[in-house]
Amino acid sequence: MTAKKQRAFTTRMFVLRRGDKISATAALVVFGAFLAASIGLEFGTLASAGPGLWPTSIAVLGLVFAGLLFALGRDTPVLAEDQSGKRLLLTMAVLVLYAPTYSLVGFIPASALALLVLVRFSGGFGWVTSLLSAAIGSIGVYAIFSIGLNLPIDAF
Amino acid sequence: MDVLNGLSTGFEVALQPENLLYVTLGVLLGTLIGLLPGLGPTAAIAVLLPITFAMDATSAIIMLAGIYYGCMYGGRIPAILLNVPGDASSVITTLDGYPMAQRGRAGPALGITAIGSFIGGSVALLGLTIFAPIVAGWASRIGPPETVVLAVAGLLLASLIASGSRIKAIMMAAFGLLIAAIGIDNISGQQRLTFGSFELSNGIDIIPLAVGLFGLGEVLYLAEKKLRGSETLGKIKGILPSKEDWKITRVPILRSSVLGFFLGIMPGGGGALSSIVSYGVQKRLSKQPERFGKGAQDGLAATETADNASSNSAFIPLLTLGLPPNSVLALLFGVLMMHNVTPGPSLIEDHPEVFWGIIASMYIGNVLLLLFNLPLIGVFVQLLRIPTGIMFPFVIVIAFCGVYSANNRLFDVYVAVVFGIIGYLLKKFRFDMTPVILAFILGPVIETGFRRAMVMSDGSMTIFFERPGTIIMMIAIACIATFMVFATSRRQKSAPADSTDR
């Protein structure tokens, strides 16, 4: 086994064995952040509750259950298929970059680019299919949503 | 307004040409989206919801309700033909539907599904018509303490019967409650949980949350799987079940209609749970239980009938109490609120055209489902040949359109992407997302109700234990919770893994 594969295997086993501990730790951070944000708000009294009482109570509840998950959780995460990391990262990149691209060039070019990249590199189809899907898809969806349904979307 | 007058009003609304068009489109679109494996009714409604922005409240809900049960049926087609469930509730369909297809009886399997769904839906709609006004009348007498107990119970029950760990489900409910609290406090007008962001001071909108968690999260999750190409599908022959099929399935269909109706009213009881419980009951009552899992028509009929019955009866708590029992109806609740219509005890009085219009349109939608799905099954099957490697990128583009056009803000798109990544991670680590969306919707109801109850009682928690209404509710809910936890524990022992409700 190469060193790279060995590292990948070790990471995979680490995540598999400690899946619930990892997710519980993340949850503790998230609920902790909510608690920190709400603890500075006014609590009031039960008869006249302030804005801070409710979110603080729920954040504490979340922390308690995250702690229970850390202590008691035994689930393993869902395994990904081999060679799927690239497809996932590609899809994630398209999602993250879609909105900024739209603000630069408009809906049709941004959507055409997104469709082209996903159909070609994630779907594994040829250039002709990908280009056709991109062209028809971007124009078709724009036509339906902007013209047909009169929703405010800028074409270019 | 009595039932007959109400229905008459409802049909006047539902039979308007534009509403007939919307319910037809909704059923068709829902069936199409349901064909896509992995995208369940919640994702379908989240992604298609923006189509309804330009409509009035009644038309919007009519269309979305059509999408809902169209999607439930659509998920059956790949489940039966390809052993690929379209959503969580069609997992059980594969157990007997696919073996029937393998024996060359795909047509009758699809026919049993369509007809069983129609009968289950019809029985449930009769129950909805009769019981909804009664429940609405009773619900108008409840106050803030009863509202809080019902809403908390609904959330708790949905968390207890969620797939997977209950600790995780309650964490998800807490997460949803906190997301709902972001923005401006309704009573004091103070900003909270905005983390210094101006954009967050308006709170998180339901559309980017739902599209992100259920739509984009699912797309990311499926991006890891090897997307299948077009399938080799044979020709479907003989859609109608035989006389022998009818003889075997008629009693299970009637029984499952009633069972599905009652399960659908309970929080989390629709969809997968009603399918599984009904299948289990039918197997237990069958004289030949060894046939189950090998193409038992009665097993298939039981699960499909209960599923559609529960989809319809789930509207009772939404319309009469303002408490959505599942994630799909939580979205419909959000849509009604967006149109300034508050579901709840006063809906039948304040907006009878909405209340009865929705019920009447469900009768029409139920008939349309049968009319479309029997003759058009060949067309839907052809759509299965479109590779998912092409279909799913379209979902991303449509989702972007929908999220952006809700408020014309790119911030909402970024929120959807963030929740998409969160949704992907939650699914990977086996968290059920249904409690998040339910808690998001019910959070403001619970908080506002609780604060009002505390004002009524001058800060004393005993108000929840002094009123007969709250005591009766707590006892009833404890009994229901015990039954549902028992039923779910049996489900988790016997059903396949990865059956997260969407």
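So, on to the overall build of chain A. A count of helical and extended segments in chain A gives 6 helices and 0 strands. The helix and strand sequence of chain A, counted from the amino end, reads α-α-α-α-α-α. Relative to the 2.2 N^0.38 estimate, which gives 15 Å for 156 residues, the radius of gyration of chain A is 23 Å and therefore markedly larger than a compact globule would have. Projected onto its principal axes, the C-alpha coordinates of chain A cover approximately 60 × 55 × 20 Å. For chain A, the proportion of contacts with a sequence separation of at least 24, taken over those separated by at least 6, is 55%.

We now examine the overall build of chain B. Each helix and strand counted, chain B has 23 helices and 2 strands in total. Taking contacts inside chain B between residues at least 6 apart in sequence as the whole, the part at least 24 apart equals 80%. When the 33 positive and 29 negative side-chain charges of chain B are each reduced to one mean point, those points stand 14 Å apart.

Take the pattern of salt bridges next. All names here are of chain B. Inspection of every chain in the model, using the stated rule, returns 15 salt bridges over all chains. The salt bridge partner of Arg76 is Asp307, with a shortest N-O separation of 2.4 Å. Placement of Arg76 in helix α5 (residues 76-82) and of Asp307 in helix α13 (residues 297-313) is noted, with a sequence separation of 231 residues between them. Comparing Arg76 with Asp307, the two get one shared label, buried. Taken together, the shared-partner salt bridges connect Asp185, Arg192, Glu447 and Arg451 into one network.

Moving on: the interface of chain A and chain B. Taken residue by residue, the interface counts 64 residues in chain A and 65 residues in chain B. Summing both sides of the interface, chain A and chain B together bury roughly 5,700 Å²; the carbon and sulfur share of this comes to 80%. Scanning the region where chain A abuts chain B turns up 2 salt bridges. We note a salt bridge from A:Asp75 to B:Lys168, for which the minimum N-O separation is 3.0 Å. Per-class residue counts for the side of chain A that touches chain B are 46 nonpolar, 14 polar and 4 charged.

Moving on, we get to the state of the cysteines. Residue and element names in this part refer to chain B. Under the definition given, this model contains 0 disulfides over all chains. Take Cys401: it sits in no disulfide, and the sulfur closest to it among the cysteines is that of Cys71, at 19 Å. Judged by relative accessible area, which is 0%, Cys401 ranks as buried.

All names here are of chain B. Not every positive phi belongs to a glycine, and Asn408 is a case in point at roughly 60 degrees. Assignment of secondary structure puts Asn408 in the loop between α19 (388-407) and α20 (410-428). A relative accessible area of 41% means that Asn408 is categorised as partly exposed. Unlike most non-glycine residues, Arg430 shows phi in positive territory, near 65 degrees. Mapped onto the fold, Arg430 is located in the loop between α20 and α21 (434-456). For Arg430, a relative accessible area of 31% gives the class partly exposed.

Residues and elements named next belong to chain B. Taking 1.5 Å per residue as the helical rise, helix α10 (residues 206-223) with its 18 residues ought to reach 26 Å, and the 24 Å between its terminal C-alpha atoms agrees with that figure. Along α10, the largest kink reaches about 35 degrees and is centred on Gly212. Most of α10 is tucked away, with 18 of its 18 residues classed as buried. Of the residues flanking the start of α10, the one acting as N-cap is Asp205, its side-chain oxygen 3.3 Å from the backbone nitrogen of Ile207.

This part is about the nonpolar core. Among the nonpolar cores identified, the biggest contains 195 residues, and A:Phe107, B:Ile45, B:Ile77, B:Ile204, B:Phe315 and B:Phe400 are the most heavily contacted of them. Judged by nonpolar contacts, the second largest core, of 6 residues, contains B:Ile92, B:Ala272, B:Tyr279 and B:Ala296.

Taken as a whole, this structure holds 15 aromatic pairs over all chains when the rule is applied. Taking the centre distance of 5.5 Å and the plane angle of 65 degrees together, the rings of B:Tyr279 and B:Phe292 count as edge-to-face. Of this pair, B:Tyr279 sits in helix α12 (residues 272-285) while B:Phe292 sits in the loop between α12 and α13, placing them 13 residues apart in sequence. Considered together, B:Tyr279 and B:Phe292 belong to a single accessibility category, that of buried residues. Three or more aromatic residues joined by ring pairs make a cluster, and in this case those are A:Tyr98, A:Tyr102, A:Phe107, A:Tyr142, B:Phe400 and B:Tyr404. In this arrangement the basic side chain of A:Arg120 is found over the ring face of A:Phe121, its NZ or CZ atom lying 5.5 Å from the centre. Across from the ring centre of B:Tyr221, 4.7 Å away, lies the NZ or CZ of B:Lys427, which sits over that ring.

Moving on, we come to the side chain of B:Glu304. Note on placement: B:Glu304 falls in helix α13. When near neighbours in sequence (up to four residues on either side) are disregarded, B:Glu304 contacts B:Arg76, B:Thr93, B:Thr113 and B:Ser117.

Turning to a positive patch on the surface, a few remarks are in order. Residue and element names in this part refer to chain A. Together, Arg17, Arg18, Lys21 and Arg74 line one region of the surface with positive charge. Relative to the assigned elements, Arg17 resides in helix α1 (residues 3-17). Among the residues examined, Arg17 registers a relative accessible area of 63% and is labelled exposed.

So, about the environment of B:Gly164. All names here are of chain B. Along the polypeptide, Gly164 turns up in the loop between α8 (144-160) and α9 (166-181). For Gly164, a relative accessible area of 37% puts it in the partly exposed group. Residues Gly164 and Phe431 lie 267 residues apart in sequence; the distance between their C-alpha atoms is 7.1 Å.

It is worth spelling out the packing of helix α2 (residues 19-39) of chain A against helix α3 (residues 53-72) of chain A at this point. Residues and elements named next belong to chain A. Contact geometry of α2 with α3 gives a least axis separation of 8 Å together with a crossing angle of 165 degrees. Considering their axes alone, α2 and α3 lie roughly antiparallel with respect to each other. For α2 against α3, the interelement crossing comes out left-handed. The residue inventory of the contact of α2 with α3, partitioned by class, reads 14 nonpolar, 7 polar and 2 charged.

Residue and element names in this part refer to chain B. In a regular helix each residue adds 1.5 Å, so 16 residues correspond to 22 Å; α9 covers 23 Å between its end C-alpha atoms and thus fits that length. The buried count for α9 comes to 13 of 16 residues, which makes it a mostly enclosed element. The N-cap of α9, judged by a side-chain oxygen 3.2 Å from the amide nitrogen of Ile167 a few residues on, is Ser165. The first or second residue beyond α9 is Gly183, which carries a positive phi of 125 degrees.

All names here are of chain B. With 91% of its residues at a pLDDT of 70 or more, chain B shows a mean pLDDT of 83. Scored below 50 in pLDDT, residues 496-502 shows 27 contacts in the model against residues more than four places distant or in partner chains. In the model output, the complex is listed with pTM 0.83 alongside ipTM 0.92.

Conventions adopted
- Here, residues in each chain are numbered from 1, in the same order as that chain's written sequence.
- Chains carry letters from A onward and ligands carry numbers from 1 onward, assigned in written order.
- Residues qualify for local features only when their pLDDT is at least 70, as the model is predicted, and side-chain atom pairs are given and counted only at 80 or more; totals for whole chains, interfaces and linings, by contrast, use all residues.
- The side-chain quantities take in all heavy atoms of the structure and omit both hydrogens and water.
- Secondary structure elements follow DSSP: runs of H or I of four or more residues count as helices, runs of E of two or more count as strands, with numbering from the N terminus.
- Restricting the calculation to C-alpha atoms gives the radius of gyration, and the globule rule supplies 2.2 Å times the number of residues raised to the power 0.38.
- Residues count as neighbours in contact if any of their non-hydrogen atoms are within 4.5 Å of one another.
- Note on charges: Lys and Arg go in the positive column, Asp and Glu in the negative column, and His and the chain ends are not counted at all.
- Charge positions come from single atoms, namely NZ of Lys, CZ of Arg, CG of Asp or CD of Glu.
- Only one rule defines a salt bridge in this text: a Lys or Arg side-chain nitrogen within 4 Å of an Asp or Glu carboxyl oxygen.
- Between buried and exposed lies partly exposed: a residue is buried under 20% and exposed over 50% of the maximum accessible area for its type, with that area taken using a 1.4 Å probe on protein chains only.
- In this description, buried area is defined as the sum, over both parts, of the accessible area (probe of 1.4 Å) that is lost when the two are combined.
- Classes in brief: Ala, Val, Leu, Ile, Met, Phe, Trp, Tyr, Cys and Pro nonpolar; Asp, Glu, Lys and Arg charged; the others, Gly included, polar.
- Note that a disulfide, as used here, is simply two cysteine sulfur atoms within 2.5 Å.
- Expected helix span is given by 1.5 Å per residue-to-residue step, counting one fewer step than there are residues.
- Bend is the name given here to the angle between axes fitted to two runs of seven residues, the run ending at a residue and the run starting at it.
- Within 3.5 Å is the distance limit for a polar contact, defined as a pair of N or O atoms, with the added protein rule that one can donate a hydrogen and the other accept it, and that residues adjacent in sequence qualify only through two side-chain atoms.
- We define the nonpolar core as a collection of buried residues of types Ala, Val, Leu, Ile, Met, Phe, Trp, Tyr and Cys that are connected through side-chain atoms lying within 4.5 Å of one another.
- Under the pairing criterion, centres of Phe, Tyr and Trp rings, with the six-membered ring standing for Trp, must be within 6.5 Å; the plane angle then separates stacked pairs below 30 degrees from edge-to-face pairs above 60, leaving the rest tilted.
- In this scheme, the term charge over a ring applies when either NZ of a lysine or CZ of an arginine sits within 6 Å of the ring centre and within 35 degrees of the ring normal.
- Two distance rules govern patches: like charges are joined within 9 Å, and nonpolar side chains (Val, Leu, Ile, Met, Phe, Trp, Tyr) within 5 Å, applied only to residues with over 30% relative accessible area and no salt bridge.
- Here the open area of atoms and residues is found with the Shrake-Rupley method and a 1.4 Å probe, where only the protein chains shown may cover a residue.
- To obtain each axis, a line is fitted to C-alpha atoms, and for helices this fit is confined to the stretch in contact; angles are then taken between N-to-C directions over 0 to 180 degrees.
- The cut-offs work like this: below 35 degrees is roughly parallel, past 145 is roughly antiparallel, 65 to 115 is roughly perpendicular, and the gaps in between are oblique.
- Take the far helix as your reference; a near helix turned counterclockwise from it by less than a right angle gives a left-handed crossing, and one turned clockwise gives a right-handed crossing.
- You can read pLDDT as the predictor saying how much it trusts each residue, on a scale of 0 to 100.

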